[in-house]
Amino acid sequence: MKKREQLSDFLMITAGTIICAAAVYFFLLPSHITVGSISGLALIISNFVPLPISAITMVLNVGLLIVGFLLIGRDFGAKTVYTSILVPAVLWVLELLFPDNQSIMEDPFLDMFCFLFIVSIGQTMLFMKNASSGGLDVVAKLLNKFFRMELGKAVSLAGMCVAVGSVLVYDAKIVMLSILGTYLNGIVLDHFIFGFDQKRRVCIMSSKLDELRDFIINELHSGATIYESIGAYDNAPRREIIVIVNKAEYSRLMTHVEKTDPKAFITVYAVSAVSYQPKPLAK
């Protein structure tokens, strides 16, 4: 089972990295929009250093990769080693296959929006597997870890310096598009991350709480908390069970509650993050 999960993680990380690199090559580079990313920084530097963008990206990635490996952790570092090598490799392959790459949308504004949508999907796939595409994503992960900043805001903050730096080589229109794109990138990224990984806190008051508890523990394999409460209307004692579930578990739980106790009182809250210490497996 562990090998299957590792293979699944590897394939998802690979796919996410390729999506990010393709978004950069086909939408970011042709329009010279430096939406806050290491590739955007490489695009600016390429105006002063006679090296291919893929080579500049590799050099910048290596420096930030060392920082990420030391400060974030080995698991993140090892995965980012792979993605940091894969991103410039994919860019290099695309340079060979499409040497005269031109703007697909023929409009910088539309290119920016296409880039934001596509790259946010790739970044979400990577962040969900505790990885990144390298570069400024490492900086964003550092801000997320040490300052508890949401990843979308961290990506925007890290990338804004690059976007503002585009004033050195491009006109006002491109600079403003770069700044706007960097800001929107954080919003779209947070939307995808919270949309994919959002959990729900479900509070249930029912006369059949024991049956629901059994289902949560033995079918959903989840923990739960039971509270003693008193109804304000009739002063009658009641019990409430609270559980945090993902989307798939939420659907199963609601279906079971409807079958077990249609009269159950239920409240549901959105949960964007959960931090806990897993219990050791029984021997």
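Rules used in this analysis
- Residues numbered from 1 in each chain as written.
- Predicted model: local features only at pLDDT ≥ 70, side-chain atom pairs only at ≥ 80, totals over all residues.
- Heavy atoms only, no water.
- Helix = DSSP H or I, 4+ residues; strand = E, 2+ residues; numbered from the N terminus.
- Buried < 20%, exposed > 50% of the residue type's maximum accessible area, 1.4 Å probe, protein only.
- Contact = heavy atoms within 4.5 Å.
- Arc of directions from axis to C-beta.
- Pairing = 2+ DSSP bridges.
- Lys, Arg positive; Asp, Glu negative; His and termini not counted.
- Salt bridge = Lys/Arg side-chain N within 4 Å of Asp/Glu carboxyl O.
- Core = buried A, V, L, I, M, F, W, Y, C linked by side-chain atoms within 4.5 Å.

1. Focus on the overall build of the chain
For the chain, the count of helices and strands is ten helices and four strands. Counting from the amino terminus, helix and strand elements in the chain follow one another as α-α-α-α-α-α-α-α-β-α-β-β-α-β. If one aligns the C-alpha atoms of the chain with their principal axes, the spans along those axes are about 75 × 45 × 35 Å. Taken over 283 residues, the chain has a buried fraction of 42%. In the chain, of all internal contacts separated by at least 6 residues, the share reaching a separation of at least 24 is 72%.

2. Some remarks on helix 9 (residues 209–218)
Those residues of helix 9 lying buried are L209, L212, F215 and I216. Looking straight down helix 9, one finds its buried side chains confined to an arc of 125 degrees; they lie on one side. Summarising the contacts, the buried residues of helix 9 are in contact with strand 1 (199–205), strand 2 (225–230), strand 3 (237–245) and helix 10 (247–260).

3. Quick look at the pairing of strand 2
In terms of strand pairing, strand 2 meets strand 3 through six bridges, oriented antiparallel. Considered in strand 3, the bridge of Y227 is made with E240. If you look at the hairpin formed by strand 2 and strand 3, you'll find six residues sitting between the two strands, and N235 has a positive phi there, around 60 degrees.

4. Things to note about the side chain of K141
Among the secondary structure elements, K141 is positioned in helix 6 (residues 136–147). Among buried Asp, Glu, Lys and Arg side chains, K141 stands out as unpaired, with D75 the closest opposite charge at 8.6 Å. Setting aside anything within four residues of it in sequence, one finds K141 in contact with I72, F76, F127, N130 and L151.

5. Remarks on the nonpolar core
Of all hydrophobic cores here, the largest spans 29 residues; its most connected members are V24, Y25, L29 and F115. Sorting the residues of this core by element identifies helix 1 (2–31), helix 2 (38–45), helix 3 (53–71), helix 4 (74–97), helix 5 (108–128) and helix 8 (172–197) as the ones contributing at least two each. The next biggest cluster of nonpolar side chains, apart from the first, holds 14 residues, and it includes I204, L220, L253 and V257.

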